[in-house]
Amino acid sequence: MEILYILIPLSIILIGIAIRVFIWAVKNDQFEDLDGPAHRILYDDDDDMIPPEARRPGTRDTDGDDPNSERDR
Amino acid sequence: MTHPSAGCFHCDEPLPPGPEITARVAGEQRHFCCYGCRAVSETIVNEGLEQFYQQRSTPTITPQAIDEKVRRDCELFDDETLQAQLVNRREDGTLETWLMVEGITCAACIWLIERHLEKRPGVQSIAINHSTQRAHLVWESSQISLGELLLAIRELGFTASPFQPNEWEAQMKRDQKRAIIRIGIAGVASMQAMMLAYPLQFGLASGTDEAMIQLFRWASWLIATPVVLYSAFPFLQAALRDVRSGHPTMDVPVSLAIYGGYIASAWVTVQGGEEVYFESVCMFTFFLGLGRFLEMRGRYRAGIAGVSLINAVPRTARRRIVGEDREEAVPAASLSAGDQVLVLPGETVPADGTITEGQSALDESMLTGEYLPVNRVPGDPVSAGTVNTEGPLVVRVERAGGDTRVSAIMRLLDRAQQEKPRTAVIADRVASYFVGAVLLASVATFGVWMQIDPSRAFAITLAVLVATCPCALSLATPTALTAATSALQRLGFLPTRGTTLESLSAVDTLVFDKTGTLTDGRLTLAGVTTLGPLDSEACVSLASALEHHSIHPVARAFGTPAHPASSPRHYTGEGITGEVAGQFYAIGTVDFVGRVLGIEPPDSAPGDGTLSIYLAGPEGWLARFALDDQLRPDSVSTLELLKARGYHLVMLSGDRSDQVERVGRHLPLDEWQGALSPEAKLEAIRRLEERGHRVMMVGDGLNDLPVLAGARLSVAMAGSSDIASLRADAVLLGEGLTPMADALTMAPRTRRIIRQNVTLSLMYNGSILPLAMAGLVAPWAAALGMSLSSVVVVMNALRLGGTEPTGTSDLAERGESGRKEHPVASLSG
């Protein structure tokens, strides 16, 4: 159990680092918008990043189902 | 396949009669209600952003077509003196500003604006905050100007205006960041402290190795120190303030438990003793901090919602340059007495003054509550905050900035707020008894044990402090309020203060403003009488074509035309003439239309108090339109419901017209009064309170502000001026009063849950106290009891969020129909 004499101080140092990182993140506005990321993930706006050979032909046109049905909800 | 019968593809408004407006969007022929919608839709598709139409969850607002005036408004922001106030130059030479974006209805709108702006050359970054709907924009001034960027947002049908975050907002932001850090530290520390407490409490590390126990205790102490000194500091601050003012709130027992537990545990670590309670201290701080943070976020959001304070008084003014026939854009705050300013139609008057040139109708509803614009000619006084609706005006400034009437109302507001009657909050009443009881019990325990066994006295007193730790008690109110608040927010009623719901259950008298509260606050078409060969639909469509070029409130009643009239001419206070399909038409007062077309007036209008507008063309008289500021669709039903529940209903209006009486007779009111100044309204509320009534005020405009502040409880309507929603105790989020009835149902239930919670937690504290005083409570049992009682309280509070209050089933339906109602659709009624 003597290993705890090293592990516990070590864990305290790690918490210290974690808290420092957290404070840095808050100060850099990372927690400014708490709702946005949940919505942003839903948009397929990474078309440009897909390499041409991996792209399915006509992806952008065919995945558009009828917008009217979408609106009627 | 197309849907000609359905609404506009872009904004979902009904399609107007007449020639169809179509375009190919996403591979299909789509129909639009106006050219504005089609233009926006084409912009979206041309940039490959048509995904917007699949992602959006609510219909988009109908965009305003971009004309010369919009362009001019945007270009105004390219002015250097103005930019000096609004724009910051960053270190790398780029410019940055914050924008307030109006018209965002869902997350898809934000996505659309961000993508659209990113495609402009020179835009470095654009980020819109989903909670506050504010944008942070960084761009290179060499490639694109601020005016062009604002115009780009207009192209999508949204309106953006730059602003500098004001003092309140900056403060709120700093507080919020600090609160997140406080909770974060408390959360991480609680987990670590619990990990260290587990072996201590269940004897895994004890018995054999005394040094190991000390290691665990010292480590826990180290971890708990930042929590107590930083995370729990606000509780200590509040407690000290309470003690000084002699009104103990929940903060006093909370601080007593946190700091008492911490100091005593530290003492035990150094001097030796039975138990340490560092993990309880951390956990307690974390839970309470989280509750406070959620409350603060609700308040912040309510403050930001709606129009901003800066919109009440315009930030820019067009000042005449002496000796030249042109204007320069200046910040409204820099105006001084004697300046001449130009106020174009649609703009807000920047300062109090006198008209020197031009005549126009001014919309003064924000200040007086009158629903019709008032005609003003040279020599008449004008007030800051009123809106010019017809012709350009030149105003000589007499009072600007802090001396205007708006500012005077603000000062009255501050005074009224200080003298506001208050409802006692359960938690605070309990707290004052609780503090006394805990202190008494601790002192008694210590005294008695000093007699019996002085060596254990300290440890047992500490156990008493922890056992009576008011964790469940201090969660009793906030959890119930948070659950009720989030349930009410879904229904469209947003409480902005912690005490709102409790005060709400005490209210027995409801006072309403008229314009904008019981009524829509804008003119709508109440009826059409055809006088010629054309049917009413054709007449309305002609009228909307003619009125398209006007921003008078009358014009808005006719909706957006498919094809605006050509060569329009405005006659201030009289009407408009123009050509539709090559034919000459006139719309306006009966005398005006008769004079312009040279025809005899028709039979006189029925004197029902509504505003009558006439339309005539080459065929002779065509129609009479009755215009009125109509009651909100749910005013009558909501008021009847409230009346049936026994509330005393009062209407206080600033309006001088006979509309007050008509509305008063039509609604189930107990009392009503018109032509009241803000001061008189406040006086009326005070008289009601003196008669023993507990008053809630519902209003929207600037003229209601002092009353809102002076009432025991105040509710601001959606779209109220920002100051109103900032100072109000609650804000109605939708168009309509129904959510208020729900809130009045919810409030007593919330109060009941709070009482149950308080009773439950007091029962726990009461039953464990004697055991702790006798020295019989094992520390793990104390920790378990504390957690269990808290869980029970939280679960009980969650019952509030689960059930739907009455009167909500038809709310969505009513809200929908209210929003979409087209003037033509209401004619049959």
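Please read these numbers as outputs of a predicted model, since none were measured by experiment. (Residues numbered from 1 in each chain as written. Chains lettered and ligands numbered in written order. Predicted model: local features only at pLDDT ≥ 70, side-chain atom pairs only at ≥ 80, totals over all residues.)

Draft legend 1. Seen up close, the overall build of chain A. A count of helices and strands for chain A gives four helices and zero strands. Counting across all 73 residues of chain A, residues that qualify as buried make up 3%. (Helix = DSSP H or I, 4+ residues; strand = E, 2+ residues; numbered from the N terminus. Buried ≥ 20, exposed ≤ 12 C-beta atoms within 10 Å, placed from the backbone.)

Draft legend 2. Examining the overall build of chain B more closely. Counting its secondary structure elements, chain B contains 30 helices and 29 strands. Classification of the 829 residues of chain B by burial places 48% in the buried group. Considering only intrachain contacts with a sequence separation of at least 6, the fraction spanning at least 24 residues in chain B is 69%. (Contact = placed C-beta atoms within 7 Å.)

Draft legend 3. Local environment of the interface of chain B and chain A. Contact with chain B, which involves 27 residues of that partner, is made by 31 residues of chain A. Those elements giving two or more residues to the side of chain B that touches chain A turn out to be helix H2 (51–55), helix H5 (107–118), helix H7 (167–201) and helix H8 (210–231) of chain B. In terms of residue count, H7(B) provides more of the side of chain B that touches chain A than any other element does, seven residues in total. Residue classes in the side of chain B that touches chain A are distributed as 13 nonpolar, ten polar and four charged. (Nonpolar A, V, L, I, M, F, W, Y, C, P; charged D, E, K, R; others polar.)

Draft legend 4. Representation of the sheet that holds strand S21 (residues 575–580) of chain B within the structure. Residue and element names in this part refer to chain B. Taking strand neighbours across the sheet as the criterion, the six strands line up as S19-S24-S23-S22-S21-S20 in an open arrangement whose pairing is antiparallel. Both edges of this open sheet fall to strand S19 (519–530) and strand S20 (566–571), since each of them pairs with a single strand only. Going across the sheet, the axis of each strand differs from the next one's by a mean of 20°, ignoring polarity. Both S21 and strand S22 (residues 583–588) contribute to a ladder of six bridges, which runs antiparallel. Of the residues in S22, the one forming a bridge with valine 580 is glutamine 583. (Pairing = 2+ DSSP bridges. Axes fitted to C-alpha atoms, helices over the stretch in contact; angles between N-to-C directions.)

Draft legend 5. Expanded view of the pairing of strand S27 (residues 695–699) of chain B. Residues and elements named next belong to chain B. Counting buried positions along S27 yields five of five residues, so the element is predominantly enclosed. Residues Val695, Met697 and Gly699 point to one face of S27 and Met696 and Val698 to the other, with burial holding for every one of them. Looking at chain direction, strand S18 (residues 509–512) and S27 are connected through four bridges and run parallel. Looking at the pairing, valine 511 lines up with methionine 697 of S27. Note: S27 against strand S28 (residues 713–716), four bridges, orientation parallel. Looking across to S28, one finds that valine 698 is bridged to valine 715.

Draft legend 6. Up close: the sheet that holds strand S16 (residues 393–399) of chain B. Residue and element names in this part refer to chain B. Strand order in the open sheet formed by six strands is S9-S8-S10-S16-S11-S14, and the pairing between neighbours is antiparallel. The strands lining the two open edges of the sheet, one partner per strand, are strand S9 (327–331) and strand S14 (381–382). Note that strand S8 (residues 316–320) and strand S10 (residues 340–343) share two bridges and pair antiparallel. Along S10, the bridge assignment pairs arginine 318 with leucine 342.

Draft legend 7. Representation of unusual backbone geometry in the model. The phi dihedral of Asp29(A) is positive, around 65°, even though this residue is not glycine. As for its position among the elements, Asp29(A) is in the loop between helix H1 (4–27) and helix H2 (36–40). In the Ramachandran plot, Ser567(B) falls in the positive-phi region, its phi being about 35° despite a non-glycine side chain. For Ser567(B), the position within the fold is in strand S20. The exposed category is assigned to Ser567(B), around which 9 C-beta atoms lie within 10 Å.

Draft legend 8. Representation of H5(B) within the structure. Between its first and last C-alpha atoms H5(B) spans 17 Å; for twelve residues at 1.5 Å apiece the expected length is 16 Å, and the two agree. Among the twelve residues in H5(B), nine count as buried, and that is most of the element. Listed in full, the buried residues belonging to H5(B) are Ala107(B), Ala108(B), Cys109(B), Ile110(B), Trp111(B), Leu112(B), Ile113(B), His116(B) and Leu117(B). Lining the buried residues of H5(B) we find H2 of chain A together with helix H1 (35–46), H2, strand S4 (95–102), strand S5 (123–128) and helix H6 (146–155) of chain B. (Expected span 1.5 Å × (residues − 1).)

Draft legend 9. Region of interest: the packing of helix H10 (residues 251–271) of chain B against helix H15 (residues 426–452) of chain B. Residue and element names in this part refer to chain B. At their nearest, the axes of H10 and H15 sit 8 Å apart, and the two run at 35° to each other. On H15, the residues that touch Val252, Pro253 and Leu256 of H10 are Ala431, Phe434, Val435 and Val438. Taken together, the residues of the contact of H10 with H15 sort by class into seven nonpolar, no polar and no charged.

Draft legend 10. Looking closely at the nonpolar core. Residues and elements named next belong to chain B. Ranked by internal contacts, the top residues of the largest apolar core, which has 130 residues, are Ala224, Val281, Cys282, Val511 and Met696. Take this core: its biggest share by element is 13 residues, from helix H28 (residues 738–773). Each of domain 2 (174–297) and domain 4 (495–513 + 646–744) accounts for three or more of the residues forming this core. One finds Val123, Trp139, Ala152 and Ala160 within the second-largest nonpolar core, a separate group that totals 44 residues. (Core = buried A, V, L, I, M, F, W, Y, C linked by C-beta atoms within 7 Å. Domains from an automatic or database assignment.)

Draft legend 11. Structural view of the packing of H15(B) against H28(B). Residue and element names in this part refer to chain B. Direction vectors running N to C along H15 and H28 enclose 0°, while the axes themselves pass 12 Å from each other. Of the possible angle classes, the one that applies to H15 and H28 is roughly parallel. Only Ile754, Arg755, Val758, Leu769 and Met773 of H28 make contact with H15, whose side of the interface consists of Ile426, Val430, Ala441 and Thr445. Residue composition of the contact of H15 with H28, by class: seven nonpolar, one polar and one charged. (Parallel < 35°, antiparallel > 145°, perpendicular 65-115°, else oblique.)

Draft legend 12. The arrangement of the confidence of the model for chain A in detail. Residue and element names in this part refer to chain A. Mean pLDDT over chain A: 74, with 68% of residues reaching 70 or higher. When pLDDT is averaged over each helix and strand of chain A, the minimum, 41, is found for helix H4 (residues 67–71) and the maximum, 92, for H1. Per-residue pLDDT stays below 50 along residues 59–73; that stretch engages in twelve contacts with residues further than four places along the chain or on separate chains. (pLDDT = per-residue confidence, 0-100.)

Draft legend 13. Representation of the environment of Leu290(B). If you trace the backbone, Leu290(B) turns up in helix H11 (residues 278–304). We classify Leu290(B) as partly exposed; it has 18 C-beta atoms within 10 Å.

Draft legend 14. Seen up close, the environment of Ala224(B). Its place among the elements puts Ala224(B) in helix H8. Once the C-alpha coordinates of Ala224(B) and Tyr262(B) are considered, the two residues, 38 residues apart in sequence, prove to be 8.0 Å apart.

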